[in-house]
Each structure stands twice: as C-alpha cells, then as structure tokens.
Amino acid sequence: MSLLSVDGLAVRDRAGTALVENVSFEVAAGDRAGLIGESGSGKSLTALAVLGLLPPGLTATGSVRLDGADMIRAPRGHGTAATVVFQEPLTALDPLMTAGRQIAGPLRRLRGLRGAALREAVRSALGEVRLTDTDRIARSYPHQLSGGQRQRVAIAMAVACRPRLLIADEPTTALDVTVQAEILDLLDRIVTTHGTALLFITHDLPVAARVIRHTHVLRHGRVVESGPITSLIAAPEHPYTRTLVDSARRFDAALERTGRA
Amino acid sequence: MTEPILAAVDAGYAYRGGAAALSGVSLAVSPGRNVALVGESGAGKTTLLRLFLGLARPTSGAIHFDGAPLHRQRMRQYRRAVQAVFQDPYSSLDPRHRIGRIVAEPLRGLGLGADPARVTAALDAVGLPADTAGRYPHEFSGGQRQRIAIARAVVGNPRLLLADEPVSALDLTTRVRIVDLLASLCAERDLTILLVSHDLGVVAELCAETAVLERGRLVEQGPTSEVLGAPSHPYTRRLLASVPRLPA
C-alpha cells in the first residue's frame, strides 16, 4: 500500500464552491512526487488537506490515507508520518523563539528527548542541513538569520523526527538562485539518505525537474495530466502542460542563445 | 555614442553608521540598450535603484541624468523621463482608488492634466480594456495588476523605466506575457529599461547589457551575450550554474 493515497479529493469553501475537485494520486514510500500548478491551481490546498490542516471554512471530501490514517475523517496530529516546509520561512517560524527551541519542540514531543540528548539532537539536526556554527544558529531568533539559513532551520525542524513523508510547498521560491540550488541539493540528499518520500509543490517546472520523478499538473483544482516529469516535459499532452513547458523553454532558450553567441 | 539617460559615476553609498552598501559603481543606461542589474539579496541592487530614483543621494560619486548631476531643481524633468515599476503588484497599487485614478497619478504629479484619453491609451498599450479604469485593484489578478503598474509608469511617455524584479512574483506563464509586453513597449515607445532581476532567463530575453553586482561592487558588466555567454567572474559563473534548467 502507498504511504500516501489521495482518492477523489475535493475541497470546498462555505459557499460550496469546489476549489479542488476529484484529485487522486499516490506517493509510495521513498518516492518523489510533484504537484505542479500556478496560483489558484489548488496545489497548496491539496497539501493542507493531506496534512489535515485546512483553514476553518474549508471542508475536504473524498479520501486521504496517510500511513494508514484517515486524514479527512480523523485528522488528528500527523505526528511523524508527514511534515511540511513552506515557502516563506519567516512566517513559518515563530519570531519569538530561538531556532534551537523550535527544532527541539517536535524532538521533545515525538521522540521524548530531554536535556543533553535533546541538545545533541538539535545540534545534529542543524548539522544535517549543513548549518555550520550550530551553537550560534541555535541561539538565534529567525530575524537574525538570512533567508537561506531560515529555510534550513525550517527543514531541520521538519526532518528532525524522521517523517516518512516530507511535503515541500514552494520551498525555494523566496530564495536567491544560488541559495535555491543549495536548498534543492540539500532536500535531494536528505530524502535520499533517509529514504523519506517527498511531495514537492511548485509552479516552477525547471525546479521540479531537478528533484522529482513522477508529477501531477494541476489547473483550477483539477489534475490535467500525470506522468514522469521527463516525459511530461519532452511530450506534454494537455494544452495547459504544453503552455507551462513552452513558458519555461522561452527563458531557457534565451539563456541558451547567450551561451552560444 | 548617444548620451546616457541615467548614469552612476563612481557612486558609493553607506547607510548612516554602517559599512558601505555600494562602492565605486559606474553604470550607464543609454537609449535603446536595456540594462540588467543582476545580483542577490544584499548585493546592493535596491540601494543603487534608490540612488537612481533620487530617493537617496550617493555618499560619494554622483548620479547623472542626461549628462549632468541629478539635482533637486531637475527632479521635475527627471520624473517626466524616468518612471518605475516594482516587484509586488499587490502592494504598489492603492486599494482605495479606482484604476483610472491610479494610472493617471503621474500625469497629475507632472502637471500634465489627468486626460482620460491618455489613461485609456496607456491601458490599451498594456493590453487592458478601457473599462478597467472604473474598477479597483482587488478585482485583478497578479499579472493584470502588474500590467496596471506598467500602464501607470508609461502613461506620461517616459524614456526610461526602472523595473525592480517586475516579474518575479508572477507565475511562469504570466511572466512570459509581461516580458513580451515590456519588449513591445520598448520597441513601440522608444522606451529603455533598467531591469533589476535575479532571473537570468528574463535578463537574457530582455536586456542587451548586463551588470553583475556582488557585495556593493560591480564585478562584471558588458553585453549580455558576453557576461552570460562567457562569464569571467567566479560569482557570475556561480549564478549561471545555479539556474535550474529544463532537461534536454
């Protein structure tokens, strides 16, 4: 059975308007799947529904099974089954709490660590996301860190308890391009090392191509095309997928031309 | 060679009590040659743009407009010639005003009179229907709002557009359309763009010249085909190598 299995998922607002409709996909243990779509495609709502974290006023129907748990009917804590990294680490992190304490939170709660063992686990979590000077970072508040460092802290927090599924919702969109490359490498290495499954959500096709294998293209809350990302890029079938690929190709080709000029 | 519209001449800037945010920057924007200013957070792009916009004065060197230092007395002339578009189309449009009033704002500020025909023409130039003028910003998508911001910038027929990350908040397909729009405005309106961007694909598509800023200094500048095609500075090479590319 898949680690995550979404079947006929719909998300509706109070007025009954479907923001996500009939979305079905699976993520196997250790797999790397993608949800690709632009603003309003429903990709982030799908992720929130998977985690049982839909904001008040939105209701999910259909079926979401995460590591055996029914996330729609019994959306209790997702515990160590799945964790999430969001686009903007400045809003995802608590501004009044040091990075170290934020990473310690789930380690204390879920793995029951205390004292020296907890401090050591925090240090190793920071080391895992390639933050050097771990003691200083652990003592820092989010505003004292750069955007890239904040996102590394958010990733450390998300993977410290070894979730089986890591959901990354536009994790590099707010970052500089060199930092983006580093964070993508980091995610790549972490999920490979621990066999963590990855659900990567983005509007950016070249970024998606860098980290995921199988992908689903969302538009207006529906999946319009699914398949291995390489074949989707090489031979898109749905007109919308083709528009996405063509757009990405435009800028890619412009860079290519300067390279040959 | 034609005289630059805007130039930084050995310009430096230090925030009060702080280290230099810019040092010895010389960069000229000449008519018809779009210039890209490339660099990452903290490189000094925004500081340089503030100097170019006359929002701050260089602590060393100078900013030249049409060949002479940019003084307060020349600000009116300057505002007619130079307009700006910013990254976030959500925060740059006043939500309480109708689009017609927003787009006409530079006309009023320049004492050109808020002629509705000019507003309609500007909206038309960015591909928006005339009835847009009677509506409010919240009724529009991100891409449409950026078109509105561009209409406001071009309504007084400026010669130079300072564009600060004008497409980075937009979806990829919208980004293509806005870049196409900017390219067509350059071709049809004798408009030149100084583009601040970290997106090298957009830079390659839109700008003939590229300048690379790192930690307050220009480390490389020249024709885009040379700077991006055969980068000589390690930082430029690192930027290029970081760009995610589509698999062939």
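What you see is a predicted model, and the numbers here were worked out from it, not measured in a lab. (Residues numbered from 1 in each chain as written. Chains lettered and ligands numbered in written order. Predicted model: local features only at pLDDT ≥ 70, side-chain atom pairs only at ≥ 80, totals over all residues.)

A.B. asks: Describe the overall build of chain A, listing the residues and the values that go with them.
C.D. replies: Looking only at helices and strands, chain A has ten helices and ten strands in total. A compact globule built from 261 residues would reach a C-alpha radius of gyration of about 18 Å, and chain A, at 19 Å, matches this within 12%. By its C-alpha atoms, chain A is 55 × 55 × 35 Å across when sized along the principal axes. With 261 residues in all, chain A has 48% of them scored as buried. In chain A, the share of contacts with a sequence separation of at least 24, taken over all contacts with a separation of at least 6, comes to 65%. (Helix = DSSP H or I, 4+ residues; strand = E, 2+ residues; numbered from the N terminus. Rg over C-alpha atoms; globule rule 2.2 N^0.38 Å. Buried ≥ 20, exposed ≤ 12 C-beta atoms within 10 Å, placed from the backbone. Contact = placed C-beta atoms within 7 Å.)

A.B. asks: Give me the lowdown on the overall build of chain B, citing residues and values where you can.
C.D. replies: In terms of helices and strands, chain B carries nine helices and ten strands. Its C-alpha atoms give chain B a radius of gyration of 18 Å, near enough to 18 Å, the size a compact globule of 248 residues would have. Judged by the C-alpha coordinates and their principal axes, chain B covers about 55 × 50 × 40 Å. The long-range share in chain B, meaning contacts at least 24 apart out of those at least 6 apart in sequence, stands at 67%.

A.B. asks: An account of the interface of chain A and chain B is requested, with residue identities and associated values reported.
C.D. replies: Counting residues at the interface gives 31 residues for chain A and 25 residues for chain B. Elements that contribute at least two residues to the side of chain A that touches chain B include exactly helix H7 (177-194), helix H8 (205-211), helix H9 (229-234) and helix H10 (239-260) of chain A. The dominant element in the side of chain A that touches chain B, judged by the number of residues it contributes, is H10(A), at 13 residues. Among the residues forming the side of chain A that touches chain B, the class breakdown is 13 nonpolar, ten polar and eight charged. (Nonpolar A, V, L, I, M, F, W, Y, C, P; charged D, E, K, R; others polar.)

A.B. asks: Got a sec to walk through the sheet that holds strand E4 (residues 60-65) of chain B? Specific residues and values, please.
C.D. replies: Residues and elements named next belong to chain B. Spatial strand order, E2-E1-E4-E5: four strands in an open sheet with antiparallel pairing. Each edge of the sheet is formed by a strand with only one pairing partner; in this case those strands are strand E2 (20-29) and strand E5 (68-69). Alignment of strand E1 (residues 6-14) against E2, held across six bridges, turns out to be antiparallel. Note that in E2 the partner of Ala8 across the bridge is Leu27. Each of E1, E2 and E4 is contacted by helix H1 (residues 45-52), which is oriented at about 120° to E1, the strand it contacts most. (Pairing = 2+ DSSP bridges. Axes fitted to C-alpha atoms, helices over the stretch in contact; angles between N-to-C directions.)

A.B. asks: Describe in detail the packing of helix H3 (residues 99-111) of chain A against helix H6 (residues 147-159) of chain A, supporting the description with residues and values.
C.D. replies: Residue and element names in this part refer to chain A. Contact geometry of H3 with H6 gives a least axis separation of 8 Å together with a crossing angle of 20°. Considering their axes alone, H3 and H6 lie roughly parallel with respect to each other. Considering how the two elements wind past one another, H3 and H6 form a crossing that is right-handed. For the pair H3 and H6, contact is made by Ala99, Gln102, Ile103 and Pro106 and by Val153, Ala156 and Met157, respectively. (Parallel < 35°, antiparallel > 145°, perpendicular 65-115°, else oblique. Left-handed = near helix turned anticlockwise from the far one by under 90°.)

A.B. asks: Tell me about the sheet that holds strand E5 (residues 69-70) of chain A, and name the residues and values.
C.D. replies: Residues and elements named next belong to chain A. Strand order across the open sheet formed by four strands is E2-E1-E4-E5, with antiparallel pairing between neighbours. Both edges of this open sheet fall to strand E2 (18-27) and E5, since each of them pairs with a single strand only. Across two bridges, the pairing between strand E4 (residues 59-66) and E5 is antiparallel. Among the inter-strand pairings, Leu66 is bridged to a residue of E5, identified as Ala69. Of the strands in this sheet, strand E1 (4-12), E2 and E4 touch helix H1 (residues 43-51), which is tilted by about 115° from E1.

A.B. asks: How would you summarise the environment of A:Ser44 if you had to cite specific residues and measurements?
C.D. replies: Residues and elements named next belong to chain A. Residue position: Ser44 is located in helix H1. Residue class for Ser44 comes out buried when judged on the 20 C-beta atoms lying within 10 Å of it. Taking the C-alpha atoms as reference, Ser44 lies 29 Å from Ser140; in sequence the two are 96 residues apart. Residues within four places of Ser44 in sequence aside, it is in contact with Asp169 and Ile201.

A.B. asks: Help me get a handle on unusual backbone geometry, residues and values and all.
C.D. replies: Its identity is not glycine, yet A:Asn22 carries a phi of approximately 50°, on the positive side. Note on A:Asn22: 13 C-beta atoms within 10 Å, which makes it partly exposed. Even without glycine at this site, B:Asp66 takes up a positive phi of about 50°. Inspection of the secondary structure assignment puts B:Asp66 in the loop between E4 and E5.

A.B. asks: With reference to specific residues and values, describe helix H3 (residues 99-109) of chain B.
C.D. replies: Among the residues of H3(B), those classed as buried are B:Ile99, B:Ile102, B:Val103, B:Ala104 and B:Pro106. Of the surrounding elements, those touching the buried residues of H3(B) are strand E6 (82-85), helix H4 (116-125) and helix H5 (142-154) of chain B.

A.B. asks: Describe in detail the pairing of strand E3 (residues 32-36) of chain A, supporting the description with residues and values.
C.D. replies: A regular strand carries its side chains on alternate faces of the sheet. All names here are of chain A. Counting buried positions along E3 yields five of five residues, so the element is predominantly enclosed. Side-chain alternation along E3 places Arg32, Gly34 and Ile36 on one buried face and Ala33 and Leu35 on a second face that is also buried. Inspection of the sheet shows E3 paired to strand E8 (residues 197-202) by five bridges, in the parallel sense. What sits directly across from Leu35, in E8, is Ile201. Direction of pairing for E3 relative to strand E9 (residues 214-219): parallel, over a ladder of four bridges. Considered in E9, the bridge of Ile36 is made with Val217.

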